[in-house]
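Structural description and commentary
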Amino acid sequence: MSQNIYDQSEFFTAYSRLPRSVHGLAGAPEWPAIQALLPELTGKKVVDLGCGFGWFCRWAREHGAARVLGLDLSENMIARAKATTQDPGIAYEIADLEQLELPEGTFDFAYSSLAIHYIQDLGRLVRTVYRGLTPGSHFVFTTEHPIFMAPTRPGWSADDEGRRIWPLDQYLVEGPRTTDWLTRGVIKHHRTLGTTLNTLIRAGFTVRHVEEWQPSPEQITRHPELAEELDRPMFLLVAAQR
């Protein structure tokens, strides 16, 4: 079973204060780049893997999706999503993505935002998504970039000339990484870029787009703190097709 940090009171309180939690998709700087990858959703059946507060589920319905299923391991997340959704076309369920089963050929689009790095057995999940999609359907997901995840002790440092340095040790040593983010002992699963893409290919997907996200100049002007994201990629965006 996946680690369920989002149901820890301290973590959930801190997470609820993040801009992406308060402002939804508009509070996620990578959202414009994600939106550019999304297919037409009109009339489609959508599954959101790791739906959190349900922001994307509601967006999908607002943009024509016929039905949306939001799945998340966290009872806190699902409770918040249900409390802020008044739409019979959206259903939310508690589900561990490590053990997920989807009815074969049920969905026309699968989406996941920043959940896959919590998954140990990515191959199983990708095969499950592939079987759950109709032929020709798309799978768009984001995850923490492996360069961001790889360090055993992540965090900026500076060299003798004051240049910002991101550590990159054990990149080719895949497996769990324990970090402190909003709380102590958060477990994520590092895998190389090649492993992620080849896992999709082995499952039968065609990789359509891969993006190592970076903020736009306009975003940096509005939010100067995003400038550090140009020194190492934080997010990986992938679009694949069944």
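Coordinates for the structure precede this section.
Every chain begins its residue count from 1, and numbering advances along the sequence as written. Local features in a predicted model are, by the rule used here, given only for residues with pLDDT of at least 70; side-chain atom pairs are given and counted only at 80 or more, and totals for whole chains, interfaces and linings are based on all residues. Derived side-chain values reflect all non-hydrogen atoms in the structure, with water molecules and hydrogen atoms excluded from consideration.

A look at the packing of aromatic side chains
- Centres within 6.5 Å make a pair out of two Phe, Tyr or Trp rings, where for Trp the six-membered ring is used; the pair is then stacked when the planes are under 30 degrees apart, edge-to-face when over 60, and tilted otherwise. In total, this model carries 15 aromatic pairs according to the counting rule given.
- Judged by centre distance (5.9 Å) and plane angle (75°), the ring pair of phenylalanine 12 and phenylalanine 53 falls under edge-to-face. Here phenylalanine 12 is found in helix α1 (residues 9–15), whereas its partner phenylalanine 53 is found in the loop between β1 (45–49) and α4 (55–62), with 41 residues between them in sequence. Considered together, phenylalanine 12 and phenylalanine 53 belong to a single accessibility category, that of buried residues.
- Measuring from ring centre to ring centre gives 5.8 Å for phenylalanine 139 and phenylalanine 205, while their planes differ by 40°; the resulting arrangement is tilted. Of this pair, phenylalanine 139 sits in strand β5 (residues 133–144) while phenylalanine 205 is found in the loop between α8 (193–203) and β10 (206–212), placing the two residues 66 residues apart along the sequence. Per the convention used, a helix needs a DSSP run of H or I reaching at least four residues, while a strand needs a run of E reaching at least two, with both numbered from the N terminus. Throughout this description, buried means an accessible area under 20% of the type-specific maximum (1.4 Å probe, protein chains only), exposed means over 50%, and partly exposed covers the range between.

A short note on unusual backbone geometry
- The backbone of leucine 114 sits at a positive phi, close to 55°, despite the residue not being glycine.
- A positive phi angle, close to 55°, is found at glutamine 170, a residue other than glycine.
- For glutamine 170, a relative accessible area of 43% translates into the label partly exposed.

A few points about α4
- Taken together, the buried positions of α4 are occupied by Phe56, Cys57, Arg58, Trp59 and Ala60.
- Looking at the packing, one finds that the buried side of α4 touches α3 (31–35), β1, β2 (67–72), α5 (75–83), β3 (90–94) and β4 (107–113).
- Glycine 64 sits one or two positions beyond α4 and adopts a positive phi of about 100°. Two residues form a contact once any of their heavy atoms are found within 4.5 Å.

Some remarks on the sheet that holds β3
- In this scheme, strands are said to pair when DSSP sees at least two bridges between them. Pairing within the open sheet is mixed, and its seven strands lie in the order β3-β2-β1-β4-β5-β11-β10. Of all strands in the sheet, those bounded by a partner on one side alone are β3 and β10. For this sheet the average axis-to-axis angle between neighbouring strands, irrespective of direction, equals 15°.
- When β2 meets β3, the two strands line up parallel, connected through five bridges. Axes, fitted as lines to C-alpha atoms, cover a helix only where it is in contact. Angles between the N-to-C directions of the axes lie from 0 to 180 degrees.

Comments concerning α5
- Considered for burial, the residues of α5 that qualify are Met77, Ile78 and Ala81. All buried residues of α5 fall inside an arc of 95° around its axis, so they share one side. Summarising the geometry of α5, the exposed residues directed more than 90 degrees from the buried face are Glu75 and Ala83.
- Where α5 is buried, its residues touch α1, α4, β2 and β3.
- For α5, the N-terminal cap is serine 74; the gap from its side-chain oxygen to the backbone nitrogen of asparagine 76 is 3.2 Å. Each C-beta atom gives one direction from the helix axis, and the arc is the one those directions make. Residues adjacent in sequence count toward polar contacts only when both atoms are side-chain atoms; beyond that, a polar contact is any pair of N or O atoms within 3.5 Å, and within protein one must be able to donate a hydrogen and the other to accept it.

These values are about where atoms sit, not about what they do.
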